[in-house]
Amino acid sequence: MRGITMTDILERARQKVLDEGTPLNKDELLEVLELPDSRIDELLQLAHEVRLKWCGEEIEVEGIVSLKTGGCPEDCRFCSQSALYESPVRAVRLDIEGLIESAKEVQKTGATEFCIVAAVRSPNESLMQQVEEAVARIGAEVDVNVSASIGILNQEQVDRLKKAGVHRYNHNLETARSNFKNVVTTHEWEDRVHTIEMIRDAGMETCVGGILGLGETLEQRAEFASELAALAPTEVPMNFLDPRPGTPFQDLPLVDSKDALRAIGAFRLALPRTILRFAGGRELTLGDLGAEKGLLGGINAVIVGNYLTTLGRDAENDLDMLDRLHLPIKALNATL
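Just so it is clear, the structure is predicted and the values come from calculations on it, not from any experiment.

**Section: the UniProt feature "binding site: [4Fe-4S] cluster" (unreviewed entry) in the chain**
Per the UniProt annotation, the sites labelled "binding site: [4Fe-4S] cluster" (unreviewed entry) are Cys72, Cys76 and Cys79. You can see Cys72 is positioned in the loop between strand 1 (60-69) and strand 2 (92-93). Ignoring anything within four residues of it in the chain, the contact list for Cys72 reads Gln81, Ser82, Ala83, Leu84, Ala119, Val120 and Arg121. Relative to the elements of secondary structure, Cys76 occurs in the loop between strand 1 and strand 2. Cys76 sits in the buried class, given a relative accessible area of 13%. Setting aside residues no more than four positions away along its own chain, Cys76 makes contact with Tyr85, Val183, Val184 and His187.

**Quick word on unusual backbone geometry**
In this structure, Glu174 takes a positive phi of about 75° despite not being glycine. Position of Glu174 among the secondary structure elements: in the loop between strand 5 (168-170) and helix 7 (189-201). Here His326, not a glycine, exhibits a phi torsion of approximately 60°, which is positive. Overall, His326 belongs to the exposed group, its relative accessible area being 70%.

**A short note on the packing of aromatic side chains**
Applying the stated criterion across every chain, the model contains two aromatic pairs. Each ring, one from Phe180 and one from Trp189, has its centre 6.0 Å from the other, and the planes form 80°; the classification is edge-to-face. Here Phe180 and Trp189 have matching classes, each one buried. Between Phe224 and Phe267 the ring centres are 6.2 Å apart and the planes differ by 70°, which places this aromatic pair in the edge-to-face class. Within this pair, whereas Phe224 is found in helix 8 (residues 218-231), its partner Phe267 is found in helix 9 (residues 257-270), the two being separated by 43 residues in sequence. You can call Phe224 buried: its relative accessible area is 3%. Residue class for Phe267 comes out buried when judged on its relative accessible area of 2%. Looking at Arg273, its charged tip hangs above the ring of Trp54, at a distance of 4.2 Å from the centre.

**Considering the side chain of Glu174**
Overall, the relative accessible area of 9% leaves Glu174 in the buried class. Contacts of Glu174, omitting those with residues within four sequence positions, involve Phe78, Arg192, Gly209, Gly210, Ile211, Leu214 and Phe224.

**Some words on the pairing of strand 3 (residues 113-118)**
Within strand 3, six of the six residues are buried, which leaves it mostly tucked inside the rest of the structure. Crossover strand 3 to strand 4 (residues 145-149) through helix 5 (residues 125-141) is right-handed.

**Overview of helix 3 (residues 40-55)**
Here helix 3 spans 21 Å end to end across 16 residues, near enough to the 22 Å set by a 1.5 Å rise per residue. Residues Ile40, Leu43, Leu44, Leu46, Ala47, His48, Val50 and Arg51 constitute the buried set of helix 3. With its phi angle positive at about 95°, Gly56 sits one or two positions after the end of helix 3.

**Side note on the environment of Gly98**
Locating Gly98 in the fold gives a position in helix 4 (residues 96-108). Considered as a pair, Gly98 and Pro123 are 25 residues apart in the sequence and their alpha carbons are 19 Å apart.

**A few points about the state of the cysteines**
Counted by the stated rule, this structure contains zero disulfides. No disulfide involves Cys55; its nearest neighbouring cysteine sulfur is the one of Cys207, lying 14 Å away. Among the residues examined, Cys55 registers a relative accessible area of 29% and is labelled partly exposed.

**Quick look at the confidence of the model for the chain**
This prediction gives the chain a mean pLDDT of 88; 90% of its residues lie at or above 70. Taken together, the stretch residues 1-6 has pLDDT below 50 and engages in nine contacts with residues farther than four places along the chain or on a different chain. In this model, residues 306-311 is a region of pLDDT below 50 whose contacts with residues beyond four sequence positions or in other chains number 21 contacts.

**Examining the side chain of Asp318**
Considering the arrangement of structural elements, one finds Asp318 in helix 11 (residues 315-324). A polar contact is formed between the side chain of Asp318 and the side chain of Arg282, at a distance of 2.5 Å.

**Some words on the pattern of salt bridges**
Under the definition given, this model contains 32 salt bridges. For Glu188, the salt bridge identified is with Lys181, shortest N-O distance 2.9 Å. In this structure Glu188 comes out as partly exposed when scored by relative accessible area, which is 34%. Within this structure, Glu60, Glu62, Glu113, Arg168, Glu205, Glu235 and Arg277 form a network of salt bridges that share partners.

**Overview of empty space enclosed by the protein**
Tallied over the entire structure, the rule returns two cavities of 30 Å³ or more. There is about 30 Å³ of room inside the second largest cavity. Lining the second largest cavity are Gly209, Gly210, Ile211, Leu212, Phe224, Val236, Pro237, Met238, Asn239 and Phe267. When contributions to the lining of the second largest cavity are tallied by element, the ones reaching two or more residues are strand 7 (210-212) and strand 8 (235-240). By residue number, the principal contributor to the lining of the second largest cavity is strand 8, which donates four residues. Of the residues assigned to the lining of the second largest cavity, the class counts are seven nonpolar, three polar and no charged.

Parameters at a glance
Residues numbered from 1 in each chain as written. Predicted model: local features only at pLDDT ≥ 70, side-chain atom pairs only at ≥ 80, totals over all residues. Heavy atoms only, no water. UniProt positions renumbered as here; feature names shortened; annotations may be inferred. Helix = DSSP H or I, 4+ residues; strand = E, 2+ residues; numbered from the N terminus. Contact = heavy atoms within 4.5 Å. Buried < 20%, exposed > 50% of the residue type's maximum accessible area, 1.4 Å probe, protein only. Phe/Tyr/Trp six-rings, centres within 6.5 Å; stacked < 30°, edge-to-face > 60°. Lys NZ or Arg CZ within 6 Å of the ring centre and 35° of its normal. Right-handed = clockwise from strand over helix to strand, strands pointing away. Expected span 1.5 Å × (residues − 1). Disulfide = S-S within 2.5 Å. pLDDT = per-residue confidence, 0-100. Polar contact = N/O pair within 3.5 Å; in protein donor to acceptor, adjacent residues only side chain to side chain. Salt bridge = Lys/Arg side-chain N within 4 Å of Asp/Glu carboxyl O. 1 Å grid on protein atoms, 1.4 Å probe; cavity = no way out; pocket = protein on both sides within 12 Å on 5 of 7 lines; lining within 4 Å. Points joined across faces, edges and corners; volume = space filled by probe spheres on them. Nonpolar A, V, L, I, M, F, W, Y, C, P; charged D, E, K, R; others polar.

Quick look at the structure:
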């Protein structure tokens, strides 16, 4: 019976997700993640049809910049920005002018989103003021939406970011709830969910994703996709672990490329209307050919340029790839 169920899962997904727009549940997502290699192309084709129907054909481009890098007090075991680990990353900060110049460079790529990121548990008053000023300056001088990712927030901070003009807030859950304590112990899953709910209730868009390859099982990968779907975020960034020297996860293996493609398809079937963004680690995990398969298999957004502590592809290479695949870039006026 198990073989019959696996054979039928994409047919059921076609009816449920493509025709009706209803996400697959956790058990169904596990069936997708367990599909044999011979059915990956079929899965990706279905995922592509789902994203075209429910999201449209355009690709959203985003650039990110780190306002404060390193020196973070949290113990996220994948992260070289933690002050608890002996990693090559050292604490540095950008000033307002540096942020504005970065936003201008990102805007030149055709990006509609520019995200300011800080490695902190929660923002102190100095950081809040800096972000508020940066958002106002960028909004006045650069034709781009400004997002932020500055940690766990309280209600006053949420209200201030909303007033400042933050368009979208990124707050990743990182992994499934059942795997969270194996990844982070200095804060709780519920702390992050509470921030996400406050951001959503304030009327800002939410960006909530994580990293695949943090020691989770396939069951937990399905659980994670289902948990994200329950939060209904605007965007889900898909990162794949790039093991960082000096971190507790430095020796974890890369996600297998076929497993990564299965996950892309599964996440699209869990999140038919969500912006699903290629983020960190895709270069190592998938390479160029795999990235193209992902863009024709459910992905509808990319981060161009470098990430926070790892190198990405040159922005021009990604833009050339989008052009080669005849994937149009989303214009700013389409996001307002």
